[in-house]
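What the coordinates show
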Amino acid sequence: MPSRTSEPGDPAAPASAAAPPAAAAAAAAAPLRSERPLRDTARDGLKIVVVGGFGVGKTTLVGSVSEIRPLSTEEMMTRAGIGIDDREGVLTKTTTTVAFDFGRITLDDERVLYLFGAPGQERFWFLWDRLFAGTLGAVVLVDTRRLADSWYAIDRLEHHGLPFVVARNNFDEPTHSLEQVRAALSLDPDVPLLDCDARKRESSRDVLVALVRHLHSLSHALEPTP
Amino acid sequence: MIRRPVDTGDPDRLYTVTGGRTRAYEQAFDLVTLIVRESGPTPGMQSELVRILQLSERPVAVVELASLLDLPVGVVKILLCDLLDMGRITARHPQSSGRGRQLPPPETLKKVLVALQNL
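**Here's the deal with helix α3 (residues 62-69) of chain B**
In terms of burial, α3(B) is a largely internal element, seven of the eight residues being buried. Buried residues of α3(B): B:Val62, B:Val63, B:Glu64, B:Leu65, B:Ala66, B:Ser67 and B:Leu68, and no others.

In structure tokens:
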């Protein structure tokens, strides 16, 4: 049986609350061009992936900093008999579809940063290399009420050797300190951990800034000294 | 032979779109490879190829094409290979992205950082 990893509760559907009505109407007709085309000089696409559990606000974060309404797409994965579909308990299947959404930020005349919201479930990681090879780094978005949802994603990112920051999306007044969160996630002291409000553009931008600053310092550390 | 459903609704459609090919040219394009058309569509061209050429008048990423065409990324990559072979598009591949597990150079990351801070 086929299965999907789309998340009904996560606002993965393009019609998020942030989408202006005009954009929603435009989406109804088959688009002949991108809603907001890139500059003619654009030539270098970069990737950052936002991973997190169900309903943690990945799409909200992507949407709040993206210059386009978040779009969604999917990729198919064919595999036989690997793993178990935990929803349906079927041992073998032909095709799995993973859905993910994305937005973009034009950085300068040449560079465009694409932000991908990716579900953290196990089966998604089978597609990681195919979709996200060459990703600069990742943001792990966590909800302190469901910290356990993030353990697997953090483990996988460490396994892939991909640098990441952890951002706690605050829906309400936090009841735990960041130090408590760090301990609960067994986070390495070098991994940046910060609070954010994914609904706010500045706050989401600050999460990306924290990630790129982290990457920059790692990159410096790796540079051979002349 | 037992037919099994494919997620995307109509498997025959995808099979037809790609002429039955799968995965052949996966590696040729990244999700964020930017596609720009070199020439417009011609009469009789497969409708999906026409759409791609219409959408790539200005640079557009592979992942955006997949979303706008409502086709899986892998299918779009196969169609793009055809267009590339025909010389109708050019592909601008990612430059800053770390190849393998390497980070981009600090200068590049600095530029990204400054651009984000100025958002």
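**Quick look at the packing of helix α6 (residues 201-222) of chain A against helix α5 (residues 106-117) of chain B**
Interhelical geometry of α6(A) versus α5(B) gives an angle of 165° and a closest axis separation of 9 Å. Comparing the axis directions of α6(A) and α5(B) gives the class roughly antiparallel. Seen from above, α6(A) lies across α5(B) with left-handed handedness. Taken together, the residues of α5(B) that come into contact with α6(A) (itself represented by A:Arg205, A:Leu208, A:Val209, A:Val212, A:Arg213, A:Leu215, A:His216, A:Ser219 and A:His220) are B:Pro106, B:Leu109, B:Lys110, B:Val112, B:Leu113, B:Leu116 and B:Gln117. Residues belonging to the contact of α6(A) with α5(B) are distributed by class as follows: nine nonpolar, four polar and three charged.

**Examining the environment of A:Val181**
All names here are of chain A. Looking at where valine 181 falls in the secondary structure, it is placed in helix α5 (residues 178-184). Using a count of 19 C-beta atoms within 10 Å as the deciding quantity, one classes valine 181 as partly exposed. With 34 residues separating them along the chain, valine 181 and leucine 147 place their C-alpha atoms 8.2 Å apart. Sequence-distant contacts of valine 181, that is, excluding residues within four places in its chain, are made with Thr144, Arg168, His176 and Leu193.

**Digging into the pairing of strand β4 (residues 95-106) of chain A**
The two faces of the sheet receive side chains in turn, since in a regular strand these alternate between them. Residues and elements named next belong to chain A. With nine of twelve residues buried, β4 lies mostly within the body of the structure. Note that β4 and strand β5 (residues 111-119) share six bridges and pair antiparallel. Residue aspartate 101 lies in a different strand from β5, and its bridge partner there is glycine 117. Counting the residues between successive antiparallel strands, the hairpin from β4 to β5 contains four residues.

**Things to note about the interface of chain A and chain B**
With 48 residues of chain A at the contact, the number on the chain B side is 46 residues. No other element matches the eleven residues that α6(A) contributes to the side of chain A that touches chain B. Its residues placed into classes, the side of chain A that touches chain B shows 23 nonpolar, twelve polar and 13 charged.

**Description of the sheet that holds strand β2 (residues 60-61) of chain B**
Residues and elements named next belong to chain B. Strand order in the open sheet formed by three strands is β2-β1-β3, with antiparallel pairing between adjacent strands. If you trace the sheet from one side to the other, it starts and ends with β2 and β3 (89-92), each paired once. Alignment of strand β1 (residues 34-37) against β2, held across two bridges, turns out to be antiparallel. Residue pairing in the sheet places leucine 34 in a bridge with alanine 61 of β2.

**Observations regarding unusual backbone geometry**
Here A:Ser186, not a glycine, exhibits a phi torsion of approximately 50°, which is positive. For A:Ser186, the location among the structural elements is in the loop between α5 and β8 (193-196). Classification of A:Ser186 by C-beta neighbours within 10 Å gives exposed; the count is 9. With a phi angle near 60°, B:Asp70 is a residue other than glycine that sits in the positive phi range. Structurally, B:Asp70 can be placed in the loop between α3 and α4 (73-85). Residue B:Asp70 is classed as exposed on the basis of its 12 C-beta neighbours within 10 Å.

Cut-offs and rules
Numbers given for residues are sequential positions, taken from 1 along each chain in its written order. Think of it this way: whatever chain is written first is A, whatever ligand is written first is 1, and the rest follow in order. Local features in this predicted model are restricted to residues of pLDDT 70 or higher, and side-chain atom pairs are both shown and tallied only at a pLDDT of 80 or more, whereas totals for entire chains, interfaces and linings draw on every residue. Exposure classification rests on a simple neighbour count of other C-beta atoms within 10 Å of a residue's own: a residue reaching 20 or more is buried, one at 12 or fewer is exposed, and one in between is partly exposed. C-beta atoms are placed from the backbone. In DSSP terms, a helix is any run of H or I states spanning at least four residues, a strand is any run of E spanning at least two, and both are numbered starting from the N terminus. Axis lines are fitted to C-alpha atoms, over the contacting stretch for helices. Their N-to-C directions set the angle, which ranges from 0 to 180 degrees. Note on angle classes: values under 35 degrees are labelled roughly parallel, values over 145 roughly antiparallel, values of 65 to 115 roughly perpendicular, and the remainder oblique. Crossing handedness is defined as follows: a turn of the near helix away from the far one that is anticlockwise and smaller than a right angle gives a left-handed crossing, while the clockwise case is right-handed. Any two residues are considered in contact once their C-beta atoms, placed from the backbone, lie within 7 Å. Note on residue classes: Ala, Val, Leu, Ile, Met, Phe, Trp, Tyr, Cys and Pro are nonpolar, Asp, Glu, Lys and Arg are charged, and everything else, Gly too, is polar. Two strands make a pair as long as DSSP finds a minimum of two bridges between them.

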